[in-house]
Amino acid sequence: MHCEITKTPQWRAGPMGPKTLCNACGVRHKSGRLFPEYRPAASPTFCPAVHSNSHKKVLEMRCKDSFESDSAELIPNTNVLALEYNI
Ligand SMILES: [Zn+2]
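We now turn to the structure provided with this report. Computed from a prediction, not measured in an experiment: that's the story for all the values here. (Residues numbered from 1 in each chain as written. Predicted model: local features only at pLDDT ≥ 70, side-chain atom pairs only at ≥ 80, totals over all residues.)

### Some points on the overall build of the chain
Scanning the chain from terminus to terminus reveals four helices and two strands. Element order for the chain, N to C, with α for helix and β for strand: β-β-α-α-α-α. Within the chain, buried positions represent 16% of all 87 residues. Long-range pairs, those at least 24 residues apart, make up 21% of the contacts in the chain between residues at least 6 apart in sequence. (Helix = DSSP H or I, 4+ residues; strand = E, 2+ residues; numbered from the N terminus. Buried ≥ 20, exposed ≤ 12 C-beta atoms within 10 Å, placed from the backbone. Contact = placed C-beta atoms within 7 Å.)

### Remarks on unusual backbone geometry
Even without a glycine there, the phi angle at glutamate 4 is positive, about 60 degrees. Along the chain, glutamate 4 falls in the segment before β1 (12-14). The phi torsion at lysine 19 lies on the positive side, around 60 degrees, for a residue other than glycine. Considering the arrangement of structural elements, one finds lysine 19 in strand β2 (residues 17-21). Given 14 C-beta atoms within a 10 Å radius, lysine 19 is considered partly exposed.

Below, the structure is given as C-alpha coordinates:
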(Lines give C-alpha, C1' and ligand atoms only; values in the text may rest on other atoms or scores of the structure.)
Protein backbone atom coordinates (compact mmCIF):
# COMPACT_ATOMS: atom_id res chain seq x y z
CA MET A 1 0.00 0.00 0.00
CA HIS A 2 2.67 2.44 1.07
CA CYS A 3 4.99 1.90 -1.88
CA GLU A 4 2.49 0.24 -4.25
CA ILE A 5 4.81 -2.68 -4.72
CA THR A 6 3.07 -5.81 -5.96
CA LYS A 7 5.69 -8.43 -5.25
CA THR A 8 6.97 -9.01 -1.75
CA PRO A 9 8.22 -12.06 0.17
CA GLN A 10 5.67 -11.34 2.89
CA TRP A 11 2.79 -8.91 3.44
CA ARG A 12 2.93 -7.15 6.79
CA ALA A 13 0.64 -5.16 9.06
CA GLY A 14 0.54 -1.38 8.71
CA PRO A 15 -1.55 1.61 9.82
CA MET A 16 -4.32 0.56 7.40
CA GLY A 17 -4.59 -2.94 8.86
CA PRO A 18 -3.01 -6.38 8.48
CA LYS A 19 -1.22 -7.25 5.21
CA THR A 20 -1.33 -3.68 3.84
CA LEU A 21 2.44 -3.15 3.76
CA CYS A 22 5.12 -5.00 1.84
CA ASN A 23 7.88 -6.79 3.72
CA ALA A 24 10.35 -3.87 3.67
CA CYS A 25 7.81 -1.19 4.64
CA GLY A 26 6.25 -3.42 7.29
CA VAL A 27 9.57 -3.98 9.03
CA ARG A 28 10.12 -0.22 9.19
CA HIS A 29 6.59 0.50 10.31
CA LYS A 30 6.99 -1.98 13.16
CA SER A 31 10.13 -0.20 14.38
CA GLY A 32 8.55 3.23 13.90
CA ARG A 33 10.81 4.24 11.00
CA LEU A 34 8.36 4.18 8.08
CA PHE A 35 8.50 7.69 6.62
CA PRO A 36 6.75 8.87 3.43
CA GLU A 37 10.19 9.33 1.88
CA TYR A 38 11.06 5.69 2.42
CA ARG A 39 10.47 3.46 -0.57
CA PRO A 40 12.01 0.15 -1.63
CA ALA A 41 14.10 0.46 -4.77
CA ALA A 42 11.93 -2.25 -6.35
CA SER A 43 8.80 -0.13 -5.97
CA PRO A 44 7.19 1.02 -9.26
CA THR A 45 6.68 4.45 -7.73
CA PHE A 46 10.29 4.83 -6.58
CA CYS A 47 11.72 8.24 -7.50
CA PRO A 48 15.37 8.88 -6.47
CA ALA A 49 14.75 12.63 -6.06
CA VAL A 50 12.14 12.21 -3.34
CA HIS A 51 12.51 8.61 -2.20
CA SER A 52 15.23 6.46 -0.72
CA ASN A 53 15.47 2.84 0.32
CA SER A 54 18.03 3.75 2.99
CA HIS A 55 16.76 4.92 6.37
CA LYS A 56 19.89 7.04 6.85
CA LYS A 57 19.26 8.89 3.58
CA VAL A 58 15.60 9.37 4.47
CA LEU A 59 16.68 11.02 7.72
CA GLU A 60 19.14 13.24 5.84
CA MET A 61 16.41 14.26 3.41
CA ARG A 62 14.07 15.04 6.31
CA CYS A 63 16.47 17.26 8.25
CA LYS A 64 18.78 18.90 5.75
CA ASP A 65 18.86 22.04 7.90
CA SER A 66 20.30 20.28 10.94
CA PHE A 67 22.56 17.94 8.97
CA GLU A 68 25.56 20.27 9.05
CA SER A 69 25.45 20.74 12.81
CA ASP A 70 25.02 16.98 13.26
CA SER A 71 28.17 16.16 11.29
CA ALA A 72 30.11 18.85 13.16
CA GLU A 73 29.33 17.06 16.41
CA LEU A 74 30.82 13.86 15.01
CA ILE A 75 34.31 15.40 14.76
CA PRO A 76 36.13 14.16 17.85
CA ASN A 77 37.57 16.88 20.06
CA THR A 78 40.57 14.67 20.87
CA ASN A 79 42.02 15.35 17.41
CA VAL A 80 42.15 19.07 18.18
CA LEU A 81 43.90 18.40 21.49
CA ALA A 82 46.47 16.11 19.83
CA LEU A 83 47.33 18.82 17.31
CA GLU A 84 47.87 21.34 20.07
CA TYR A 85 50.29 19.00 21.85
CA ASN A 86 52.37 18.59 18.68
CA ILE A 87 53.01 22.32 18.38
ZN1 LIG B 1 6.25 -1.18 0.71
